[in-house]
Amino acid sequence: MKFLVLHGPNLNLFGRREPHIYGTTTLAEINSKLQTLAAELGVELEILQSNHEGTLIDKLHECIDTVQGALLNPAGLTQHGVPLHDAIKAMPFPVLEIHMSNIAAREPWRSHSIISPAVKATIQGLGWRSYTMGLRALVELAQDA
């Protein structure tokens, strides 16, 4: 089994960007934790971070027939990513929306996700563990399919 992990805009700054919200774990450390867990679970990952919505959409399209699910942290696209929303709805596999922080407990404008209606579920507020919980859930979903 193979899964896609997509990190949205500015997430390459994890560890430096607002550590009081996102913690000090870097994106490289998150990816390493995911790769370690993937090896334990016997699955493969393809990981991409981009600051450009179109690049994330292109990767979804490219993987439409080759992965069994995707983790997506849409970051700043959460509230305005209509094309990303539409691409997710076209995927034949489950996509889980991941957030390190609890977006409902932050600024009022962050609490509405345009992405949430397109995904299977949302995992948020657990820091880097949101990603690992998401990967465990995706593997279980794929095994049940």
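Residues numbered from 1 in each chain as written. Predicted model: local features only at pLDDT ≥ 70, side-chain atom pairs only at ≥ 80, totals over all residues. Heavy atoms only, no water.

*Asks:* Looking at this structure, I do not really get the sheet that holds strand β1 (residues 2–7). What am I missing?
*Replies:* Pairing between sheet strands relies on hydrogen bonds along the backbone, with the strands arranged either parallel or antiparallel. Within the open sheet, the 5 strands sit side by side as β2-β1-β3-β4-β5. Their pairing is parallel. Lying at the two open borders of the sheet, with one neighbouring strand each, are β2 (44–49) and β5 (121–124). Along the sheet, successive strands turn relative to each other by an average axial angle of 20 degrees, direction set aside. Strand direction decides the pairing type here: strand β4 (residues 95–99) and β5, joined by 4 bridges, are parallel. Looking across to β5, one finds that Leu96 is bridged to Ala121. With respect to the sheet, helix α3 (residues 53–62) is in contact with β1 and β2, its orientation differing from that of β1 by roughly 175 degrees. Contacts from helix α5 (residues 129–144) reach β1, β2, β3 (70–73), β4 and β5, with the element oriented near 170 degrees to β4. (Pairing = 2+ DSSP bridges. Helix = DSSP H or I, 4+ residues; strand = E, 2+ residues; numbered from the N terminus. Axes fitted to C-alpha atoms, helices over the stretch in contact; angles between N-to-C directions. Contact = heavy atoms within 4.5 Å.)

*Asks:* Before we go on, may I ask you to explain the side chain of Ser113 in this structure?
*Replies:* Its location among the elements puts Ser113 in the loop between β4 and β5. Polar side-chain contacts of Ser113 include one of 2.8 Å to the side chain of Glu97. Leaving out residues up to four positions away in the same chain, Ser113 has contacts with Thr78, Glu97 and Ile103. (Polar contact = N/O pair within 3.5 Å; in protein donor to acceptor, adjacent residues only side chain to side chain.)

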